[in-house]
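What the coordinates show
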Amino acid sequence: MGLHAKECGILAKVSWKSGITDYNTATEELDFVAPLRMVMKLEDDKVLKERLGKLVNVEESKMRNINVYGKESDNKIVETITKKVKYAADKNVVELAIAIIETLSMPQGSGSVGVYEELGHVSHFCSPNTYHACQTSRKLVVKAARALEKGELVTLCRVDMTKCNLYRGRLLRQALIS
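Calculation rules
Residues numbered from 1 in each chain as written. Predicted model: local features only at pLDDT ≥ 70, side-chain atom pairs only at ≥ 80, totals over all residues. Heavy atoms only, no water. Helix = DSSP H or I, 4+ residues; strand = E, 2+ residues; numbered from the N terminus. Contact = heavy atoms within 4.5 Å. Areas by Shrake-Rupley, 256 points an atom, 1.4 Å probe, with all protein chains shown as cover. Core = buried A, V, L, I, M, F, W, Y, C linked by side-chain atoms within 4.5 Å. Buried < 20%, exposed > 50% of the residue type's maximum accessible area, 1.4 Å probe, protein only. Salt bridge = Lys/Arg side-chain N within 4 Å of Asp/Glu carboxyl O. Arc of directions from axis to C-beta.

Of regular secondary structure, the protein possesses 7 helices and 6 strands. When the helices and strands of the protein are listed from N to C terminus, the series reads α-α-α-α-α-α-β-β-β-β-β-β-α. Long-range pairs, those at least 24 residues apart, make up 62% of the contacts in the protein between residues at least 6 apart in sequence. A total accessible area of about 11800 Å² is found for the protein, and carbon and sulfur atoms account for 55% of it.

Here we come to the nonpolar core. Phe32, Tyr87, Val94 and Ile100 are the most contacted members of the largest nonpolar core, which has 32 residues in total. For this core, the secondary-structure elements that each account for two or more residues are helix H1 (3-13), helix H2 (33-44), helix H3 (46-53), helix H5 (73-84) and helix H6 (91-104). Residue contributions to this core peak at 9 residues, all from H6. Setting aside chain neighbours within four positions, we find isoleucine 100 in contact with Met38, Leu42, Leu52, Val56, Ser105 and Val115.

Below, the discussion takes up the pattern of salt bridges. Scanning the model with the defined rule gives 10 salt bridges in all. Notably, a salt bridge pairs aspartate 44 with lysine 6, separated by 3.8 Å at the nearest N-O pair. Of this pair, aspartate 44 sits in helix H2 while lysine 6 is found in helix H1, placing the two residues 38 residues apart along the sequence. By relative accessible area, aspartate 44 is classed as exposed at 53%. Overall, lysine 6 belongs to the partly exposed group, its relative accessible area being 23%. One salt bridge in this structure joins lysine 62 and glutamate 95, with 3.3 Å as the shortest N-O distance. One end of the pair, lysine 62, is in helix H4 (residues 58-69); the other, glutamate 95, is in helix H6, and 33 residues separate them in sequence. Glutamate 95 gets classed as buried once you look at its relative accessible area, which sits at 7%.

Side chains of residues three or four places apart in an α-helix project in the same direction, reflecting 3.6 residues per turn. Taken as a whole, H1 has its buried residues at Glu7, Ile10 and Leu11. Viewed end-on, H1 has its buried residues packed into an arc of 95°, placing them on one side of the element. Across from the buried face of H1, at angles greater than 90 degrees, the exposed residues are Ala12 and Lys13. Buried positions along H1 lie against H2. The positive-phi residue at the C-terminal boundary of H1 is serine 15, with phi of around 50°.

Pasting the structure below:
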């Protein structure tokens with residue numbers, strides 16, 4: 001059974017229905033979906049779990065999420081998966097899944113997110129030395145924007161590049177301060 005079918009079966013079993021009524025307002029209602037999918041993937045592939053686990057820092061991810069999304073953000077996701085959806089997942093695995101998504105994912109368009117192991121070797125920078133595109137084949141293509149020096153840190157901007165870097169920096173500072 002594929003992950004999508006498994007996910008649908010899990011949600012159907014608990015008769016889960018979205019409470020979203022206003023599709024024009026931001027909501028946290030579906031924040032558990034990507035972590036749930038990642039938990040299922042990690043449970044199915046122990047080698048992948050070990051590889052991706054080496055690339056992320058769960059505690060740093062938790063602290064970032066507390067600063068950006070609020071003190072209970074990760075706990076809400078853990079509770080939704082383990083209590084509302086009643087998926088028998090270990091809290092540590094759910095927290096690892098959240099950290100993997102926060103650290104190694106890129107938006108694909110249409111609201112989907114791709115997880116790329118390679119992002120564990122690339123740092124975020126508002127004036128990056130690379131540019132990227134997510135292809136319809138789900139491949140992430142990263143190209144150097146200029147000649148890179150041997151040993152130079154490869155950087156990528158993981159936020160909206162259509163905004164100037166001063167504006168992006170201000171948004172980042174506000175998110176980290178609030």
